[in-house]
Amino acid sequence: MFALLLLLPFTVQAVADLRGEKRFVSFDIFKDAVYTPFVRESNLSAGAMRLDSLWRGAREAIAGGSEAGEALEPVIGALSDLEAVALTVNAYAQLDTAEAGYKLLKQADTLLATLEDEPENFKAADSTLKAVVGEFGQFSLWRAFLAVKHYGVWTSRYLRAFENKVEDENALVLAVRPRYQLAVWNIFNDPGEKVVLGAAGKCIGKSCGREMAEASDRWLFYRQDVEFLVQPSPLDVRSAKLDNPIKAIEKFRDQLKAKGVELLVVVTPGKPSIYPERLTGNASTVMATESHGKKILDSLSALGFNTVDLYTPLLAAKKDDASLGPLYLNDDTHWTPRGAELAAAEIAAAVKRLESDGKIKLEELQKHADGSYPLSFVTKDSLADRMGDVGEMSGLNKFNAFKVQKVTGHVVMLQNINERIGMAKSSANCLDSLMKDCPKLDDSCYLAKSSPCDEDDAACVRALTKSCPKGSAFDSCYHVRMNPCEEDDSLYYDTTVTPFKDDFRKAKILILGDSFSRIYQTDSPVNAGWIAHFAKNMNRPVASIVSDGGASTLVREKLARKAGVLKGKKLLIWEFVERDLRFGAEGWKDVEF
């Protein structure tokens, strides 16, 4: 009977695979043992030779005067394809980051990304790419053997990943598990292993009656958010096996300082840190000021790091929940638009303090004559439906166990304001005529005209041409002249509104973040997240790199692969949720730039 039970999932999956179009997951073990390593070797050698050919072509094109960015684009694509083949050893194992081949590929990736802005790295990029071609350009039976030995079906990393895949995708599991979860939810109010069901939200404290038992009014919490609060601090001696986040943050700060960039650390409180009473049903539950996240933030501040405290203002803002709505979503790990906008205001205030303290120097914002900025922002309300991510984790959303939550986001849009001079009719005609007939605005052209404008107008045009080299009637420098062509000339402002977007070239501030930076920003209602509102509060362009669940290490690795984006930046804002101090994807590794 045990043998039959053991074979049942395998048999059901094999039948499902034969009847459908999915690959034979059940036979991946056999394929990865005798087939995949040799196919990978063949693809590696082909990819390396393609990279070599494209790199040679790019070097010749750049030497011939072609634009570096355009010439390098196919090379970057070929390197990315080669990386994808090299990093995926088989269906379930990824190349270890400690491997020399991994480091070589990442080094080549980083150097290529900087070439457009830092051509002095050309020799280093050339030698590194030659090393990549030398490493992967030949079919190697020995490397195929090592791939099977270190990443094959008898290793724990492979078998665990295979087991998880079978557990998540097995046809028998997919058929039975949802009904089982629904039954457990209906009988025991158990939302699953990743979710913690909070106390009833309508009634918190000693006056609660039967309402405490109403599951429909309870908030859902992500289990890792709760575990972060109840397990030892990441800095506790009992957490010695974990990476030390403060050391990683300190090294990152020093790396940025070497490039002339200041670091501002933003630790986002998890939902149970701000609403512990919603979790426990006890209004006297210890507040976030005593949580691990707040204590680590205070430690960073004491060590001289630039930080933003979101715990204190979020806790203070709870008193207005009855009229303004909660700061976090009921069935989601993230904050509401109200919480995001509060965070944006606090972070903007911290940046302005850094400016006033002289720690950073952003360029002075130029104003128009009417006091407006050339770049400003406007907002409009937008209603969006949110199906909470914690509800999705429970697997119960397919049974409509939890309600869709409607939120109103304030979508931020760019408002560009351009100055132009509306001249009196005679002067306008004069300038139009001169611009058409005398495109170079030379004096001999004026003299040759059979009916020139009067001498004063000609002199005016010559003076304007000298002080306003573009010579455009719409040039804003016309306005600042003391003696325009005519006294009744008027200054006008043309306004255009466009969607908010990152501006890596003009921005002096770069933001690294996780899903708290993504929510409402790139998903519905779009451009209503804290990043857009921060730009609005600062009245400046910004740029961002976001990695869901990967703000501890993965987002820094993304930055390292395109380190050229740091050029011209004065400040980097690093936002990550407090649970990542313990549970961050890939831990808190050192990342080299």
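Residues numbered from 1 in each chain as written. Predicted model: local features only at pLDDT ≥ 70, side-chain atom pairs only at ≥ 80, totals over all residues. Heavy atoms only, no water.

A. Focus on the nonpolar core. Trp335, Val351, Trp530, Phe534 and Ile573 are the most contacted members of the largest nonpolar core, which totals 52 residues. Tallying contributions element by element places helix 17 (residues 337–356) first for this core, with nine residues. If we skip the residues at most four places from it in the chain, Phe534 touches Ala344, Ile347, Ala348, Val351, Ile509, Ile511, Val542 and Ile573. Formed by 30 residues, the second largest nonpolar core is a distinct cluster that contains Ala248, Tyr311, Leu510 and Leu581. (Core = buried A, V, L, I, M, F, W, Y, C linked by side-chain atoms within 4.5 Å. Buried < 20%, exposed > 50% of the residue type's maximum accessible area, 1.4 Å probe, protein only. Helix = DSSP H or I, 4+ residues; strand = E, 2+ residues; numbered from the N terminus. Contact = heavy atoms within 4.5 Å.)

B. Fine view of unusual backbone geometry. In this chain, Ser524 is followed by Pro525 through a cis amide linkage whose omega measures 5°. With respect to the helices and strands, Pro525 occurs in the loop between helix 23 (515–518) and helix 24 (530–538). Positioned with a positive phi, Asn527 is a non-glycine residue whose angle comes to about 60°. Looking at where Asn527 falls in the secondary structure, it is placed in the loop between helix 23 and helix 24.

C. View of the packing of aromatic side chains. Here the structure, examined in full by the defined rule, presents 15 aromatic pairs. Ring geometry for Trp185 versus Phe402: centroids 5.3 Å apart, planes at 65°, classification edge-to-face. Note that Trp185 is positioned in helix 9 (residues 171–188) and Phe402 in the loop between helix 18 (389–394) and strand 6 (405–422), a separation of 217 residues in sequence. For the pair formed by Trp185 and Phe402, the shared burial category is buried. The structure contains a cluster of three or more aromatic residues connected by ring pairs, namely Trp219, Phe221, Tyr275 and Tyr328. Between the NZ or CZ atom of Lys271 and the centre of the ring of Phe221, over which it lies, the distance is 4.9 Å. Across the ring face of Phe252, the terminal group of Arg556 is positioned such that the distance to the ring centre comes to 5.9 Å. (Phe/Tyr/Trp six-rings, centres within 6.5 Å; stacked < 30°, edge-to-face > 60°. Lys NZ or Arg CZ within 6 Å of the ring centre and 35° of its normal.)

D. Highlighting the pairing of strand 3 (residues 262–268). For strand 3, the buried fraction is high: seven of the seven residues fall into the buried class. Because side chains alternate across strand 3, one face comprises the buried residues Glu262, Leu264, Val266 and Thr268, and the other comprises Leu263, Val265 and Val267, equally buried. When strand 3 meets strand 4 (residues 306–308), the two strands line up parallel, connected through three bridges. Its bridge partner being in strand 4, Leu264 is matched across the sheet by Asn306. (Pairing = 2+ DSSP bridges.)

E. Broad picture of the packing of helix 8 (residues 156–169) against helix 9. As a packed pair, helix 8 and helix 9 sit with axes 5 Å apart at the nearest point and diverge in direction by 55°. In terms of axis orientation, helix 8 runs oblique to helix 9. Where helix 8 abuts helix 9, its residues Glu167, Asp168 and Glu169 lie against Ala171, Val173, Leu174 and Arg177. The class makeup of the residues in the contact of helix 8 with helix 9 is three nonpolar, no polar and four charged. (Axes fitted to C-alpha atoms, helices over the stretch in contact; angles between N-to-C directions. Parallel < 35°, antiparallel > 145°, perpendicular 65-115°, else oblique. Nonpolar A, V, L, I, M, F, W, Y, C, P; charged D, E, K, R; others polar.)

F. Up close: the pairing of strand 1 (residues 195–200). Most of strand 1 is tucked away: six of the six residues are buried. Sheet analysis places strand 1 next to strand 2 (residues 218–222), joined by four bridges and oriented antiparallel. The residue bridging Val196 from the neighbouring strand is Phe221, located in strand 2.

G. Spotlight on the sheet that holds strand 3. As summarised here, the arrangement of the five strands in space is 4-3-10-8-9, forming an open sheet in which the pairing is parallel. Edge positions in the sheet fall to strand 4 and strand 9 (543–546), since each has one partner strand and no second. Here the strands of the sheet are splayed against their neighbours by 20° on average, with no regard to which way each runs. The pairing of strand 8 (residues 509–513) with strand 9 spans four bridges and is parallel.

H. Broad picture of a nonpolar patch on the surface. Taken together, the side chains of Met1, Leu5 and Leu8 make up a nonpolar region of the molecular surface, amounting to roughly 370 Å² of accessible area. Considering the arrangement of structural elements, one finds Leu8 in helix 1 (residues 2–19). (Patch = residues over 30% accessible without salt bridge, like charges linked within 9 Å, V, L, I, M, F, W, Y side chains within 5 Å. Areas by Shrake-Rupley, 256 points an atom, 1.4 Å probe, with all protein chains shown as cover. Salt bridge = Lys/Arg side-chain N within 4 Å of Asp/Glu carboxyl O.)

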